[in-house]
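If you want the building blocks of each chain, they are given just below.
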Amino acid sequence: MTVTVRFAPSPTGKIHVGNVRAALWNWLFARKSGGKFILRIDDTDVERSTADNEDRIRADLTWLGLAWDETFSQSARFADYDVVSDALRAKGLLYPCFETAEELERKRRLQRTRGLPPVYDRAALALTAAQKSAFEAEGRKPHWRFKLSCAPVVWNDLIRGETIVDTASVSDPVLIREDGMYLYTLPSCIDDIDAKITHVIRGEDHVTNAGVQIEIMKAVIDVRGAGALPEFAHHSLLIGADGQGLSKRLGSLSIEQMRMDGLEPAAITSLLAKLGTSEPVLPEPDLMALARGFDFEKVGRAPARFDENELLQLNAKILHEQPYAALAARLSAAGVSEKLWEAVKGNVVRLADAAEWKGVVDGAIDPALEDAAFCAKAAALVPNDPLTDQSWDAFVAAVKAETGAKGKALFHPLRLALTGREKGPEMAAIFPLIGAEKARARLKGARA
Ligand code: GLU
């Protein structure tokens, strides 16, 4: 058996930390197993799906390093869906219903007032041929429901363990709308069987769907005369650091936004690979190393906490631990030399922060004098160029000897005058990059 998994986004919006976790876990599991990772575009909703969203999804996955082995779109497979749905109709498993949305809502309200679950009553199954023709003559078009078995569906979920969905407590799902549009369920089941998907890995918001889909998949296997049910792994959903669900904030947690904010893809994948597992979150730029460590046994059932600060810290660590060579192209595009990078990397959260320090080193920066007289004395003690890694210590010792200042009173005004900032990288590393001339000018309160 070749492990075959799929990530199946609908191109109706952007991908975000919530759904990219499913993409990542599918990818990691495929790579660990030497299997296949399919990107399936669930674009049966032609009104809401756009080519632009699809392009963005592909760009986001590519940026994260989650290359797919195969890809296809559901919109290219309507002929297959028609063949299967005709066969399901012939078997009486797909039946026409004529209720309007208002009629269905009225039924549900009535059930609620009687304390009954709002499950479709299957009135349409009792329609005679004459009644159906009468509806059609009125101009009503049917929508089509799948007839569930009303029995419990049981599977051994790779994350949740034994899971039961009683299809008696679920409405027969509408698979085809009155305008002929396929909803996601049937195409997804047909595709999972036809593409020989071995494992469906996704969020636990799909658990009830899985019960329904297992019944539909069995019917599809029957129609196709071949195929096997996949295994299922439903992971818990992410919550925010405040313990609240993320759904309202997902717009700002899109992968595209994170890319524009200058985050490293490896920070996102390092975090999402381990969130909700029994393993610690560590910076791991090598996706294959994450894949080797991936194991459903380590995945917990509790909601996993997504904390943006943790992501930023991880981003910083990823940058600090990378050798210059790995970042050279991007740094030199930002004008940041190896020497400057080595000096400032400990103070960088995003790569772009290094460019800010380039501005500090190259100038000009606005004067920031705490004690003009003290700084003027210091200016006279700046050694001549070329400054070296030892120059700072020699300079500070000279200023101390001349002024008697020590500790914070010695260092703080110097740092502030030389960099315009209260905090920052080791002055010993940054002083030679500023150079003697600019250092003197800044200490004298000039814009330099
Ligand atoms: N298009 C579905 C979604 O984005 C796919 C769910 C699944 O993985 O089956 O929710």
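Since the structure is predicted, the reported quantities are computational estimates derived from the model, not experimental observations.

S.K.: How would you summarise the site of the ligand if you had to cite specific residues and measurements?
M.R.: Near the ligand the following residues occur: R6, A8, S10, D42, Y184, R202 and H206. Between a nitrogen atom of the ligand and a side-chain N or O atom of S10, the distance comes to 3.2 Å. In isolation the ligand has 290 Å² of accessible area, and contact with the protein removes 78% of it. One can see that the ligand is located within the largest pocket. A class-by-class count of the residues in the shell around the ligand yields 2 nonpolar, 2 polar and 3 charged.

S.K.: Give me the lowdown on helix α9 (residues 265-274), citing residues and values where you can.
M.R.: Given 3.6 residues to a turn, an α-helix orients residues that are three or four positions apart in the same direction. Taken across its 10 residues, α9 has 9 buried, putting it largely inside the fold. Considered for burial, the residues of α9 that qualify are A266, A267, I268, T269, S270, L271, L272, A273 and K274. Directly beyond the C-terminal end of α9, a positive phi value near 85 degrees is found at G276.

S.K.: Give a description of the pairing of strand β6 (residues 152-157) that names residues and reports values.
M.R.: Taking every second residue as pointing to the same face, the buried face of β6 carries V153, W155 and D157, while none of P152, V154 and N156 on the other face is buried. Pairing between β6 and strand β7 (residues 161-166): 6 bridges, direction antiparallel. Directly across from V153, in β7, lies its bridge partner V165. Between β6 and β7, which pair antiparallel one after the other, the connecting turn spans 3 residues.

S.K.: I'd love a proper account of the packing of α9 against helix α11 (residues 308-321), names of residues and values included.
M.R.: Packed helices, taken two at a time, are described by the angle their axes make and the gap between the axes. Close contact between α9 and α11 brings their axes to 8 Å; oriented N to C, the two are set at 125 degrees. Judged by the angle between their axes, α9 and α11 are oblique. The crossing of α9 and α11 is right-handed. For the pair α9 and α11, the contacting residues are A266, A267, I268, S270 and L271 in the first and E310, L311, L314, N315 and I318 in the second.

Quick notes on the rules
- Throughout this description, residue numbers start from 1 for each chain and increase along the sequence as written.
- Restriction of local features to residues with pLDDT of at least 70 applies here, the model being predicted, together with a cutoff of 80 or more for giving and counting side-chain atom pairs; totals for whole chains, interfaces and linings are based on all residues.
- Excluded from the side-chain calculation are hydrogens and water; included are all heavy atoms of the structure.
- A molecule or strand has a residue near it when one of that residue's heavy atoms lies within 4 Å.
- Two N or O atoms count as a polar contact when they lie within 3.5 Å, although within protein this holds only if one can serve as hydrogen donor and the other as acceptor, and sequence-adjacent residues are included solely when both atoms are side-chain atoms.
- Shrake-Rupley sampling with a 1.4 Å probe provides the accessible areas, and residues are treated as covered by the protein chains on show and by no other component.
- Using only the protein atoms, space was sampled on a 1 Å grid; points where a 1.4 Å probe fits but cannot get out form cavities, open sets with protein on both sides within 12 Å along at least five of seven lines form pockets, and lining residues are those with an atom within 4 Å of a point.
- In this description, a molecule resides in a pocket or cavity if more than half of its atoms sit within 2 Å of the grid points defining it.
- Polarity classes work like this: nonpolar for Ala, Val, Leu, Ile, Met, Phe, Trp, Tyr, Cys and Pro, charged for Asp, Glu, Lys and Arg, and polar for all others, with Gly in that last group.
- Exposure is judged per residue with a 1.4 Å probe applied to protein chains only, and the accessible area is read against the type maximum: over 50% gives exposed, under 20% gives buried, and values in between give partly exposed.
- Here a strand is any run of E in DSSP of at least two residues, a helix any run of H or I of at least four, and the numbering for each starts at the N terminus.
- Each pair of strands is called paired provided DSSP finds at least two bridges between the two strands.
- Where helices are involved, their axes are fitted lines through C-alpha atoms of the stretch in contact, as for all axes, and angles between N-to-C directions lie from 0 to 180°.
- Angular relationships are summarised with four words: roughly parallel below 35 degrees, roughly antiparallel beyond 145, roughly perpendicular across 65 to 115, and oblique for the angles in between.
- Crossing handedness is read from the near helix: turned anticlockwise from the far helix by less than a right angle, it gives a left-handed crossing, and turned clockwise, a right-handed one.
- By definition in these notes, contact holds between two residues if any of their heavy atoms fall within 4.5 Å.

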